[in-house]
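# Structure assessment
Each chain is listed here by its residues.
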Amino acid sequence: MARRNPPPGSQTSLREANRARLVESLKRHGRLTQVELAGSTGLSPATVSNIVKELTASGILHTSFTSRSGRRATLVSLARQLGLVAGVHFSSRQLHIAIADTARAIVTQSSLPLPLDHRHDAELDRLSLLLGDMMESLGGSVSDLLAVGLALPAPIDPRTGMVSTPGLLRGWEGVDVAASLSARIGRPVYVDSEANLGGLAEAREGNGREASSSVFIRVGHTISAGLIVGGDLFHGVNGKAGQIGHVTIDENGPICRCSNRGCLEMYAGGPALMSLFPPSDGMQRLGDLLQAAEAGDGSSRRVIADAGRHIGIAAASLCNLFDPELIIVGGELAQSGEILMAPMRHSLERTALASADGLPEIVGASFGEWAETRGAIAIALDHVTVDAQALPYTA
């Protein structure tokens, strides 16, 4: 006889809890082998094997074969037919959208440029249409989405869902962005900052996956960081944790958009770097600077290297306060690679407190310009309910 509400502490209740633990681990990490599942859930390999067989037969899980350390292993993920989620990233100048299944496999994606001072109302209207078009191309509609994750280029107060600091994202302030988009598309929406979600993607499935703590420094039109502890984001009280773009480099420096003087962004952010070139050089976007640097232009390479030196000094302060195991560099400027990161390492070596284990390694983001979008997919999946207890149990 099937039990719908097994008593607490019973064998059936324990099995349901084990199922739920396994499903949550797959939501968090995407794909794992059965051995990795045993490690992440604390369940025995035999218990994991039984649950995987059961949930695969019910259509909740999908299994395939892979090779790990030269040995054949069973790779487990949530089944595609459970549904789709969307990840959206509004950067200062670009919009990225990706639709993925519950195993985080991207089924379609799109990107387009944005005006510099874009506003929430016009852009959320456009996003609603784009999501509808993309889902229609897959043979569905927006109503088929389980959830939407959204990354914005500003700190988000986790208590209100609004931009937490005035001046950092004009046109989006004082707006509950998640509620506003949800009202347009009729689906649940979850919002966080682009640096936080870039860091989350790297911690869950990228270069930060093996690190106990990491910092994702996003360098582009703006500069910010996401702090990861034990695979989870650290927001701070108002969501402002990691805003190193507004660390003061020179207290007598130029006025920043945050109303302070001499912030890091005023020396290493996109607009500051573009302003160093005369109009005749045609430097309009960071892409122009990156292209020139890749072609060997000395002035462009020097500008990026100087930015790396400034960012490295701010990163050293962050290391002294937060003490991460790893620093991951993402955002548009990170595409310059060692031109940016080598001076960062030099500044870190000169100014950060050393330890017996040495300084944190600095590496590039594994997902490039799509890291923040993948992080948006991750928070959407975090809020999706997968009913691993739907199968009846026999007493």
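Here, the structure is the one placed above.
Heads up: these notes are all about the structure in this document. (Residues numbered from 1 in each chain as written. Predicted model: local features only at pLDDT ≥ 70, side-chain atom pairs only at ≥ 80, totals over all residues. Heavy atoms only, no water.)

## Some points on the overall build of the chain
To be explicit about the condition: Strands are runs of DSSP state E lasting at least two residues, helices are runs of H or I lasting at least four, and both sets are numbered from the N terminus onward. Both definitions apply: the radius of gyration is a C-alpha atom measure, and the globule rule equals 2.2 Å times residues to the power 0.38. Classification of residues uses two cut-offs on accessible area relative to the type maximum, computed with a 1.4 Å probe and protein chains only: under 20% is buried, over 50% is exposed, and between them is partly exposed. By the convention used here, residues are in contact when the closest approach between their heavy atoms is within 4.5 Å. Computed by Shrake-Rupley with a 1.4 Å probe, the accessible areas treat only the displayed protein chains as cover when residues are assessed. Only four residue types enter the tally: Lys and Arg on the positive side, Asp and Glu on the negative side; His and the chain ends are excluded. To locate a charge, the coordinates of NZ of Lys, CZ of Arg, CG of Asp or CD of Glu are taken.
Assigned secondary structure in the chain consists of 12 helices and 13 strands. Relative to the compact-globule value of 21 Å for 395 residues, the chain shows a C-alpha radius of gyration of 23 Å, a close match. Scored against the burial criterion, the 395 residues of the chain give a buried share of 52%. A sequence separation of at least 24 residues applies to 62% of the contacts in the chain between residues at least 6 apart. Total accessible area computed for the chain in this model is approximately 17,700 Å², and 50% of it derives from carbon and sulfur atoms. The distance from the centre of the 34 positive side-chain charges to the centre of the 40 negative ones in the chain is 6 Å.

## A look at empty space enclosed by the protein
The condition that has to hold: Put simply, the grid is 1 Å and covers the protein atoms alone, a cavity is a trapped set of points that fit a 1.4 Å probe, a pocket is an open set with protein on both sides within 12 Å along at least five of seven lines, and lining residues have an atom within 4 Å of a point. Grid points are joined across faces, edges and corners, and a volume is the space filled by probe spheres set on the points. Each residue is assigned to one class: nonpolar for Ala, Val, Leu, Ile, Met, Phe, Trp, Tyr, Cys and Pro, charged for Asp, Glu, Lys and Arg, and polar for all the others, Gly among them.
Scanning the model with the defined rule gives one cavity of 30 Å³ or more in all. Roughly 80 Å³ of volume is contained in the largest cavity. Lining of the largest cavity is provided by 15 residues; of these, P153, A154, T222, S224 and Q243 occupy positions nearest its centre. Broken down by secondary-structure element, the contributors of at least two residues to the lining of the largest cavity are α6 (194–205) and β10 (223–229). Among the residues making up the lining of the largest cavity, the classes are represented as seven nonpolar, five polar and three charged.

## Some details on the nonpolar core
Quick reminder of the rule: Take the buried residues of types Ala, Val, Leu, Ile, Met, Phe, Trp, Tyr and Cys, join any two whose side-chain atoms come within 4.5 Å, and each joined set is a nonpolar core.
Ranked by size, the top nonpolar core spans 39 residues in total, and within it I217, L289, I311, V329 and L333 carry the most contacts. In terms of residues, this core owes the most to one element, helix α10 (residues 298–322), which gives nine residues. Discounting residues that sit within four places of it in the chain, I217 has contacts with S224, A225, I244, I311, A315, I327, I328, V329, G330 and M344.

## Looking at the pattern of salt bridges
Quick note on the threshold: What counts as a salt bridge is simple: a side-chain nitrogen of Lys or Arg found within 4 Å of a carboxyl oxygen of Asp or Glu.
Using the criterion set out here, one finds 16 salt bridges in the structure. The closest approach of N and O atoms between E332 and R218, which form a salt bridge, is 3.4 Å. Residue E332 is located in the loop between β12 (326–330) and α11 (338–351), and its partner R218 is located in strand β9 (residues 213–219); the two are separated by 114 residues in the primary sequence. Ionic contacts of the salt-bridge type, sharing partners, join the residues E194, R218, E332 and E372 into one network.

## Examining the packing of helix α1 (residues 11–29) against helix α2 (residues 34–41)
Here is the rule we go by: Axis lines are fitted through C-alpha atoms, for helices just across the contact stretch, and the angle between N-to-C directions can take any value from 0 to 180 degrees. Note that the term roughly parallel is reserved for angles under 35 degrees, roughly antiparallel for angles over 145, roughly perpendicular for angles of 65 to 115, and oblique for everything else.
At a minimum axis distance of 10 Å, the contact between α1 and α2 shows a crossing angle of 110°. Between α1 and α2, the interaxial angle falls into the category roughly perpendicular. Here R21, L22, S25 and L26 of α1 lie close against α2, whose contacting residues are L37, S40 and T41.

## Digging into the sheet that holds strand β7 (residues 145–152)
Let me state the cut-off plainly: The rule for pairing is simple: two strands pair if DSSP sees at least two bridges between them.
Read from one edge to the other, the open sheet built from five strands follows the order β6-β5-β4-β7-β8, with strand pairing classed as mixed. This sheet does not close on itself; its edge strands, each paired only once, are β6 (106–113) and β8 (189–193). Pairs of neighbouring strands in the sheet enclose a mean axial angle of 15°, with direction left out of account. For strand β5 (residues 94–101) and β6, the ladder comprises seven bridges, and the chain directions are antiparallel. For Q94, the partnering residue across the bridge sits in β6 and is P113. Sheet strands touched by helix α4 (residues 120–137): β4 (84–90), β5, β6 and β7. Its angle to β5, the strand with the most contacts, is close to 35°. Contacts from helix α5 (residues 177–185) reach β7 and β8 within the one sheet, and its direction differs from that of β8 by about 145°.

## Details of the environment of G199
With respect to the helices and strands, G199 occurs in helix α6. As a C-alpha pair, G199 and A86 span 113 residues in sequence and 18 Å in three-dimensional space. G199 has contacts with F216 and I228, leaving out every residue within four places of it along the chain.

## Considering α5
Under the convention used in this document: What the arc describes is the spread of directions from the helix axis to the C-beta atoms.
Every buried residue belonging to α5 is among V177, A178, S180, L181 and I185, and all of these are buried. Each buried residue of α5 lies within a common arc of 165° when the element is viewed along its axis, so the set occupies one face. Along its buried surface, α5 packs onto α4, β7 and β8. Immediately downstream of α5, the backbone of G186 shows phi near 70°, a positive value.

## Here's the deal with the packing of aromatic side chains
Cut-off, in case you're wondering: When two rings of Phe, Tyr or Trp (its six-membered ring) have centres within 6.5 Å they constitute a pair, described as stacked for plane angles under 30 degrees, edge-to-face for angles over 60, and tilted for the intermediate range.
Inspection of the entire model under this criterion finds one aromatic pair. Summarising the aromatic geometry, the rings of F90 and W172 are spaced 5.1 Å apart at their centres and angled 55° between planes, so their arrangement reads as tilted. Highlighted residues: F90 in strand β4 and W172 in the loop between β7 and α5, separated in sequence by 82 residues. Taking the relative accessible area as the measure of exposure, F90 reaches 0% and is therefore buried.

## Points about the side chain of N18
You can see N18 is positioned in helix α1. For N18, a relative accessible area of 11% corresponds to the buried category. Leave out the neighbours within four places in its chain, and N18 touches L43, T47 and I51.

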